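Chain residues, written in single-letter form:
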Amino acid sequence: MSNSILESTSGESTAMSADKPVSVTVMSMQQALNRALDEVLAENPKAVIFGEDCGRLGGVFRITDGLQARHGAQRVFDTPLAESGILGMSVGLAMAGFHPIPEVQFDGFAYPAINQIVCQIARMNYRSRGTMPMPITLRVPSFGGIRAPEHHGESLEALFAHVPGLKVVSPSNPHEAYHLLKYAATRPDPVIFMEPKSRYWQKGEVDFAADGDAPTGSKVMREGRHLTLVAWGAMVSRCLQVAELAAEDGIDIEVLDLRWLKPIDAAGLAASVRKTRRAVVVHEAPLTSGLGAEVAQLITQSCFDTLKAPVERVTGFDVPYPSGDLEDEYIPNIDRILFGIQRVLEYKRG
Amino acid sequence: MSNSILESTSGESTAMSADKPVSVTVMSMQQALNRALDEVLAENPKAVIFGEDCGRLGGVFRITDGLQARHGAQRVFDTPLAESGILGMSVGLAMAGFHPIPEVQFDGFAYPAINQIVCQIARMNYRSRGTMPMPITLRVPSFGGIRAPEHHGESLEALFAHVPGLKVVSPSNPHEAYHLLKYAATRPDPVIFMEPKSRYWQKGEVDFAADGDAPTGSKVMREGRHLTLVAWGAMVSRCLQVAELAAEDGIDIEVLDLRWLKPIDAAGLAASVRKTRRAVVVHEAPLTSGLGAEVAQLITQSCFDTLKAPVERVTGFDVPYPSGDLEDEYIPNIDRILFGIQRVLEYKRG
Amino acid sequence: MDTLPLAVPDDDAGPLTSAQLRELYSLMVAVRHLDRSAIAWQRQGIIPGYAPELGQEAAQVGSGYAVDTTRDFVFPTYREMGVARTMGVDMVGYMSTHKATWHGGLYDPVKSRLAPIQAVVAGSVLHAVGWAHGQTLEQKDGVALTYFGDGASSQGDVHEAMNFAAVMKAPVVFFVQNNGWAISVPTERQVAGGSVAARAAGYGMPALQIDGNDVVAVVEATRRAFAHARRGNGPVLIEAMTYRRGPHSTSDDPGRYRSLDEERNDAGEDPLERLRQRLLADGIADEAFFAEAIAAAEAEEEHIRAGIQALGSRPGAEMFDLVFQETTPALQAQAANWREESEHV
Amino acid sequence: MDTLPLAVPDDDAGPLTSAQLRELYSLMVAVRHLDRSAIAWQRQGIIPGYAPELGQEAAQVGSGYAVDTTRDFVFPTYREMGVARTMGVDMVGYMSTHKATWHGGLYDPVKSRLAPIQAVVAGSVLHAVGWAHGQTLEQKDGVALTYFGDGASSQGDVHEAMNFAAVMKAPVVFFVQNNGWAISVPTERQVAGGSVAARAAGYGMPALQIDGNDVVAVVEATRRAFAHARRGNGPVLIEAMTYRRGPHSTSDDPGRYRSLDEERNDAGEDPLERLRQRLLADGIADEAFFAEAIAAAEAEEEHIRAGIQALGSRPGAEMFDLVFQETTPALQAQAANWREESEHV
Ligand SMILES: Cc1ncc(C[n+]2csc(CCOP(=O)(O)OP(=O)(O)O)c2C)c(N)n1
Ligand SMILES: Cc1ncc(C[n+]2csc(CCOP(=O)(O)OP(=O)(O)O)c2C)c(N)n1
Ligand SMILES: [Mg+2]
Ligand SMILES: [Mg+2]
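Residues numbered from 1 in each chain as written. Chains lettered and ligands numbered in written order. Predicted model: local features only at pLDDT ≥ 70, side-chain atom pairs only at ≥ 80, totals over all residues. Heavy atoms only, no water.

**Q** If you had to explain the coordination of the magnesium ion (ligand 3) to someone new, which residues and values would you point to?
**A** At 2.1 to 2.2 Å from the magnesium ion (ligand 3) lie its protein donor atoms, namely C:Asp150 (OD), C:Asn179 (OD1) and C:Trp181 (O). For C:Asp150, a relative accessible area of 1% corresponds to the buried category. (Donors = N, O, S within 2.8 Å, 3.2 Å for Na, K, Ca; no water. Buried < 20%, exposed > 50% of the residue type's maximum accessible area, 1.4 Å probe, protein only.)

**Q** Describe the relation of the copies chain A and chain B, naming the residues involved and giving the relevant values.
**A** It takes a turn of 180° to lay chain A on chain B, together with a shift of 0.0 Å along the axis; the resulting RMSD is 0.0 Å. Taken together, the rotation and translation relating the two chain copies correspond to the operation of a two-fold axis. Both copies present the same face, since 100% of the interface residues in chain A are matched by interface residues at the equivalent positions in chain B. (Least-squares fit on C-alpha atoms with pLDDT ≥ 70 in both. Contact = heavy atoms within 4.5 Å.)

**Q** Please provide a residue-by-residue account of the pairing of strand S3 (residues 172-178) of chain D, values included.
**A** All names here are of chain D. For S3, the buried fraction is high: seven of the seven residues fall into the buried class. Here S3 shows two buried faces, one formed by Val172, Phe174, Val176 and Asn178 and the other by Val173, Phe175 and Gln177. The pairing of strand S2 (residues 144-149) with S3 spans six bridges and is parallel. Along S3, the bridge assignment pairs Phe148 with Val176. Assessed by its sense of winding, the connection that carries the chain from S2 through helix H7 (residues 156-168) to S3 is right-handed. Inspection of the sheet shows S3 paired to strand S7 (residues 236-241) by six bridges, in the parallel sense. From the neighbouring strand, Val176 faces S7, where its bridge partner is Glu239. (Helix = DSSP H or I, 4+ residues; strand = E, 2+ residues; numbered from the N terminus. Pairing = 2+ DSSP bridges. Right-handed = clockwise from strand over helix to strand, strands pointing away.)

**Q** If you had to explain the domain arrangement of chain A to someone new, which residues and values would you point to?
**A** Residues and elements named next belong to chain A. Assigned domains of chain A: these are domain 1 (4-207) and domain 2 (219-345). Once you take the C-alpha centre of each, domain 1 and domain 2 turn out to be 25 Å apart. Between domain 1 and domain 2, the contact holds 32 residues from the first and 24 residues from the second. The junction of domain 1 with domain 2 conceals about 2,100 Å² of combined surface from both sides, 56% of it contributed by carbon and sulfur atoms. Contact with domain 2 buries area across many residues of domain 1, yet Arg147, Glu157 and Ser172 alone supply 22% of it, more than any other trio. For the pair domain 1 and domain 2, the number of links is three salt bridges. (Domains from an automatic or database assignment. Buried area = accessible area lost by both parts, 1.4 Å probe. Salt bridge = Lys/Arg side-chain N within 4 Å of Asp/Glu carboxyl O.)

**Q** Let's hear about the side chain of A:Ser84: which residues, and what values?
**A** Mapping A:Ser84 onto the fold places it in helix H3 (residues 83-95). Residue class for A:Ser84 comes out buried when judged on its relative accessible area of 3%.

**Q** Explain the site of ligand 1 to me, using residue names and the numbers behind them.
**A** Around ligand 1, the surrounding shell holds 20 residues, and the nearest of these are B:Glu83, C:Tyr78, C:Arg79, C:Gly151 and C:Asn179. Among the chains of the assembly, those with residues near ligand 1 are chains B and C. Residue C:Ala152 places a main-chain N or O atom 2.8 Å away from an oxygen atom belonging to ligand 1. Between C:Asn179 and ligand 1, the recorded distance is 2.8 Å, taken from a side-chain N or O atom to an oxygen atom. Protein contacts shield 95% of the accessible area of ligand 1, which totals 580 Å² for the unbound molecule. (Near = heavy atom within 4 Å. Polar contact = N/O pair within 3.5 Å; in protein donor to acceptor, adjacent residues only side chain to side chain. Areas by Shrake-Rupley, 256 points an atom, 1.4 Å probe, with all protein chains shown as cover.)

**Q** Quick one: what's the story with the interface of chain A and chain B, residue by residue and with numbers?
**A** Contact with chain A, which involves 51 residues of that partner, is made by 51 residues of chain B. Of all residues in chain A, A:His162, A:Phe304 and A:Pro320 give up the largest surface area on contact with chain B, accounting jointly for 17% of the area buried on that side. Linking chain A to chain B there are eight salt bridges. Between B:Arg313 and A:Glu294 there is a salt bridge whose closest N-O contact spans 2.9 Å. At the boundary of chain A and chain B, one finds 24 residue pairs in polar contact (both at pLDDT 80 or more).

**Q** Provide a residue-level description of the coordination of the magnesium ion (ligand 4), including the pertinent values.
**A** Residue and element names in this part refer to chain D. Those donors, Asp150 (OD), Asn179 (OD1) and Trp181 (O), are the protein atoms that reach the magnesium ion (ligand 4), and they lie 2.1 to 2.2 Å from it. Expressed as a motif, the donor residue spacing for the magnesium ion (ligand 4) is D-x28-N-x1-W. Of this pair, Asp150 sits in the loop between S2 and H7 while Trp181 is found in strand S4 (residues 181-182), placing the two residues 31 residues apart along the sequence.

**Q** Residue-level account of the interface of chain B and chain C, with values.
**A** The partner chain C presents 41 residues to the 38 residues of chain B that form the contact. Here chain B packs against chain C, burying approximately 3,300 Å² in sum over the two surfaces, 55% of which is carbon and sulfur. Three residues stand out in chain B for area buried against chain C, namely B:Arg56, B:Leu81 and B:Leu326, and they jointly supply 19% of the buried area on that side. Joining chain B to chain C, the criterion identifies two salt bridges. Across the pair C:Arg256 and B:Asp65 runs a salt bridge, and its minimum N-O distance is 2.4 Å. Seen at the junction of chain B and chain C, the total is 17 residue pairs in polar contact (both at pLDDT 80 or more). For the side of chain B that touches chain C, the secondary structure elements donating two or more residues are helix H11 (324-330) and helix H12 (334-345) of chain B. Per element, the largest residue contribution to the side of chain B that touches chain C is five residues, and it comes from H11(B). Classifying every residue of the side of chain B that touches chain C by side-chain character gives 18 nonpolar, six polar and 14 charged. (Nonpolar A, V, L, I, M, F, W, Y, C, P; charged D, E, K, R; others polar.)

**Q** Describe in detail the pattern of salt bridges, supporting the description with residues and values.
**A** Residues and elements named next belong to chain B. On inspection of all chains with the given rule, the structure shows 88 salt bridges over all chains. A salt bridge links Asp252 to Arg222; the shortest N-O distance between them is 3.5 Å. Here the residue Asp252 occupies a position in the loop between helix H8 (235-248) and strand S12 (253-257), and Arg222 occupies one in strand S10 (residues 219-222), the gap between them amounting to 30 residues. A relative accessible area of 19% means that Asp252 is categorised as buried. Classification of Arg222 as buried rests on a relative accessible area of 16%.

**Q** Outline the state of the cysteines, listing residues and values.
**A** Applying the stated criterion across every chain yields a total of zero disulfides over all chains. Free cysteine: A:Cys54, not disulfide-bonded; nearest cysteine sulfur from B:Cys119 at 20 Å. For A:Cys54, a relative accessible area of 0% translates into the label buried. With no disulfide partner, A:Cys119 has as its closest neighbouring cysteine sulfur the one in B:Cys119, 17 Å distant. (Disulfide = S-S within 2.5 Å.)

**Q** Give me the sheet that holds strand S1 (residues 73-75) of chain D: which residues, what numbers.
**A** Residues and elements named next belong to chain D. Read from one edge to the other, the open sheet built from five strands follows the order S1-S2-S3-S7-S6, with strand pairing classed as parallel. Edge positions in the sheet fall to S1 and strand S6 (207-211), since each of these pairs with one other strand and no more. Strand-to-strand twist of the sheet, defined as the mean angle between neighbouring strand axes without regard to direction, takes the value 20°. Relative to the sheet, helix H9 (residues 215-233) contacts S2, S3, S6 and S7, its axis offset from that of S6 by approximately 165°. (Axes fitted to C-alpha atoms, helices over the stretch in contact; angles between N-to-C directions.)

**Q** Mind laying out the sheet that holds strand S1 (residues 73-75) of chain C, listing which residues take part and the relevant values?
**A** All names here are of chain C. Reading across the sheet, the five strands line up as S1-S2-S3-S7-S6 and stay open at both edges, with parallel pairing between neighbours. Either end of the sheet is taken by a strand with one partner, and the two such strands are S1 and strand S6 (207-211). Across the sheet, the mean angle from the axis of one strand to that of its neighbour is 20°, orientation sign disregarded.

**Q** Run through the packing of aromatic side chains, naming residues and quoting values.
**A** Under the definition given, this model contains 42 aromatic pairs over all chains. Measuring from ring centre to ring centre gives 5.3 Å for D:Tyr147 and D:Phe175, while their planes differ by 55°; the resulting arrangement is tilted. Residue D:Tyr147 is found in strand S2, and its partner D:Phe175 is found in strand S3; the two are separated by 28 residues along the sequence. You can call D:Phe175 buried: its relative accessible area is 0%. Put simply, the rings of A:Phe61, A:Phe106, A:Phe109, A:Tyr200 and A:Trp201 pair up and form one aromatic cluster. A cation sits over an aromatic face here: A:Arg129 above C:Trp102, 4.8 Å from the ring centre. Above the face of the B:Phe208 ring, B:Arg35 is positioned so that its terminal group lies 3.6 Å from the ring centre. (Phe/Tyr/Trp six-rings, centres within 6.5 Å; stacked < 30°, edge-to-face > 60°. Lys NZ or Arg CZ within 6 Å of the ring centre and 35° of its normal.)

**Q** Requested: an account of the site of ligand 2, with residues and values cited.
**A** Every one of the 20 residues lining ligand 2 counts as a neighbour, but A:Glu83, D:Tyr78, D:Arg79, D:Gly151 and D:Asn179 are closest to it. Bordering ligand 2 are residues originating from chains A and D. Between ligand 2 and D:Asp150 there is a distance of 3.0 Å, counted from an oxygen atom to a side-chain nitrogen or oxygen. Within the shell around ligand 2, the residues separate by chemical class into 10 nonpolar, six polar and four charged.

**Q** Could you give me a rundown of the packing of helix H6 (residues 125-137) of chain D against H7(D), with the residues and numbers involved?
**A** All names here are of chain D. Where H6 contacts H7, the axes come no closer than 8 Å and their chain directions differ by 15°. As summarised for this structure, H6 and H7 are arranged roughly parallel, according to the angle between their axes. Judged by the sense of rotation from one axis to the other, the crossing of H6 with H7 is left-handed. Here Val125, Leu126, Val129 and His133 of H6 come into contact with H7, specifically with Asp157, Val158, Glu160, Ala161, Phe164, Ala165 and Met168. (Parallel < 35°, antiparallel > 145°, perpendicular 65-115°, else oblique. Left-handed = near helix turned anticlockwise from the far one by under 90°.)

Shown next, in the form of structure tokens:
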């Protein structure tokens, strides 16, 4: 793919393969998400987007840029500064037949809304015995890596994944972002959509042509024979880098983008690790009671006989997310992931 | 231990062993907790207790019964009905040198306070570089089993355990309740104290004499050779029942009361499972991303070579906590725990 | 307190007819009888618990009476049995929540126009705002009616809801039943300033503080508020001053925080007796009518009790089936495991 | 709006002396200069980001000036640089948060009487209430001063804080800087009813809505509020009407939501220029004094910049050491692992 391809949402380059037309564009994740939302609004008159600064400003990350101008201030609007209000209001809109796509401005500001998310959004379908579905797609700019102020670098996936009634997904690149958001925002159930904010401006190829299959489950981003690296969000590209480095030493690593953090693709994990016999799971969230524990345990359950070493976790530490200066000490870096891989490869039954 | 022993907080029976005086009383967990709080108030003039209905009523579970009368309405008081307010106020009191012991009336009503718990209580010591410790002991009547209304049967330990800066503990019987609460309420760090509400009225022996050691780490409640059952809160006594039943079939089960859900006693888990080579972890919370995953992964990490089968989890399902009629279908019951044990015992590599 | 501008004439605005007053009385008797019975059912072990609304019949029946179920939507707490009955909700379905059959109740909330029973204090106030804003977005004329208590007014969500509604001019009626107590905490230790209605001015929202034990006053105030909101003038707050004559719930022991004397003094006149006297004084009803109302209430209660007693547990499979619209492999696996181990199939 | 009863005479209550007015001017100049410089530092790559307070100097310096650091305690947001400077907080320590050195800042909050910098909107308002109630419990006479914005007023926590404080008569001064904007959302889309001060009456709490660009008015209002709270009369709310003249932060682009013309119109008179004119008119200061104030501000800024530039990263071990007062085995193990893999020791 040439870098000269126009890098805006509007400029598409269309190539032809033997069988079917392929429509591939290079764009940033911010652009891919913006385009997905634009299409969702166009396709579903009941879809509405709202949150703090989502309207005129287009969001602090510009994910909703231009949407108010294009779809009107009834469909895309600013709310007062209150996250519980935003999510509680979403419940009522869903009851009235809308598909709310609220935004929480940063991960850390989902906490004030947790009560409405856990006790209301996640349970209303159940409580109402299926008569009041909650097709709410909550966008949460997530994870760290941008040297931001406190509470702007949190990873809440373990919390969300533990809540019955929620589905949770995180894209790792622009292509995934476009397809996963379009998919999530057309589901009849609540989906927490965790956007890796450190990847918003990274460009990548997006193939808009749906490949027919729903983007459920995990996705092998790189095949390998010796060890499976499991990751999501911003950690996927870091794991791909690690795999390239390891390849130089003849270590052939498979990188699995988990994508869905609830439901977790247990079969996909099993298939990969049954082949590689070794696994390391990587995430930014603190270690203890993080989602890595669930992933590791699912792998251990399905691959107990074939595993050559216990699944290793390379994660953030059990400390509050630090200030920018210490961010690189906290987030799993290439070195720490390589050490984790080494521990697994060198494991000897004792 | 005779049942005729006076069963009130005031009536103590004192027996003598060879070496040291033993002061053992039979009382309910409610009484043990009440007594612990009474002593904490008496010993620390900076300790204050507050929450919804904590004062005059003595709490809906009567855990603070009589404390306002004994220690005054300045030390034990009712607040308005707002959990974020209660916990946010605790932060300020801690900054002013108090040791707040707030109560959240039921587990499910901790959610409105999560923002203050996660972003403030858990981080203030860190943010202030140790100059503003948060000696806050948050009591949360927790877990299910009492046929209560919605949101009155929740298990939040996985959430709390994932939050850097919190410590989390749950007692399984009156003796543990007394000692763990006295210990927790004298610590300089925030501790979430999860009280198994279904056990409040169960009686048991309490030995008030401190045994010298701080009640940290896990505790073996029953020794066994064939398999370790790991549990906490109300599930401990259920696991002890299971162990008795299994013993009839010649299966010798060790029951480990985890007690501290953060920090988890990894060494205690390893020591037990290195001996038994098999483990089942039991909890009421939903399976996915529950604390059972962390426990299982810790065991797998430390005992990979000795484990005869993958650690099994017997837990609540990934569904909202159901209404009373279905409660017994949801909470791990004896049958389901026995099935879990059986799966582990019958596991064949292959 | 009455800061609501005089409503422009409205179809709803005429004075209550004699037939309507009699209907209100019959409803209040039915509610009172069912409420008392539910406490008895709890003592008899028919249901494990219940939250009585004794003393709040006028506030609940009067406000519920103003609802137009063809276009409005109501958001209750856990104590709005009287509202549900007035709206014509299936009462076996409603009471099933107290039998611990299903948390939200078994009635159909969409068809009933009554959201599922809500156990989180102040939990559904924001839902009303969202639903109401949906009416604005679709240019419909429904009004959301949301209930909460004096205790609930302390919750942050209530503030967020009032502010959102007022900023968006959403057609919401906030109906506060100030019954003097939040479990054991009296209003003066709960509501700074002493009145929830007084909060409305701070949002530029009109408010009515009314005698919540006068069913006629309640109907009229609620109708005025509905008319105001329906015409696009934004939200209204009503604070109905009433009294929780019974315990907070069947597991509460009010003797620990208030005396019988205090109860007698603070509760004031009984709303049901008050309407009875009025109907008698105005010659609208006679003893025969009252006897008939009681007989009807008794028959109704028997019917509901029979329904509740006949109600079996819901099949455990519903735990799994009702979580999502689109289930997941993990849930299916857990359901299968549950069937094997618990149902032995 | 002024619903605060006239304060009884107080030591603090005398009119500001000429020396004090000059001091206020010097403080405002120092703050203005440091604020402008911090934006420049960000452009020069010395710090990664900053939240300017241009236009809010009078509100911040005036309110901070009323604080008695021997007994009061102050709870800032992320924008109270001017308050910190006025209170005499170590400004290298304060600015370090914007260098991404440590989230709460490196100054000592206990000694400074300024709680750590708070990035959660409305996050610390309840802390002030708790701290203030502690004063009541210990029969001390300190007052808690808590800052928040027009946007923050929408948060549930602010309501809970006001209600708690008013119910408990806690000595709190709620100081709202209504600067017209919450990032891109103007006050009229944020604050229903148009005034945060108007909310106070609903809690039975006195309030002052003041010209936040008049530093003398701010000092006097804050002193009155402190005197009221200190005497055990409970909380007071002050709404200082001002204007955020700059961007929300150095990563904001206000051109997307307001025009330069609007900025010029809405901002009104510059608070610093206003005080200058007053000092000149009253003959309290002359050009030489102003020049001196600027020179001092420049020297101070240079000193602070040098301190910030000299500031190294905190050792990574602090990540682990500062989580708890009593560390845990798991944390120690992680710290050891980190040392091995990241510090290679
Ligand atoms: C968020 C939350 N906190 C606490 C509770 C426990 N609780 C149930 S009812 C109640 C008192 C409610 O008082 P009020 O709002 O006045 O309503 P009332 O019971 O008088 O009808 C409390 C504290 C709850 N259900 N939800
Ligand atoms: C709980 C929470 N939600 C969202 C944010 C993101 N945010 C930071 S500042 C801000 C606007 C605050 O406006 P206001 O309270 O008026 O204060 P100002 O910035 O004008 O000083 C927002 C939305 C946050 N920090 N905290
Ligand atoms: Mg009440
Ligand atoms: Mg502002």
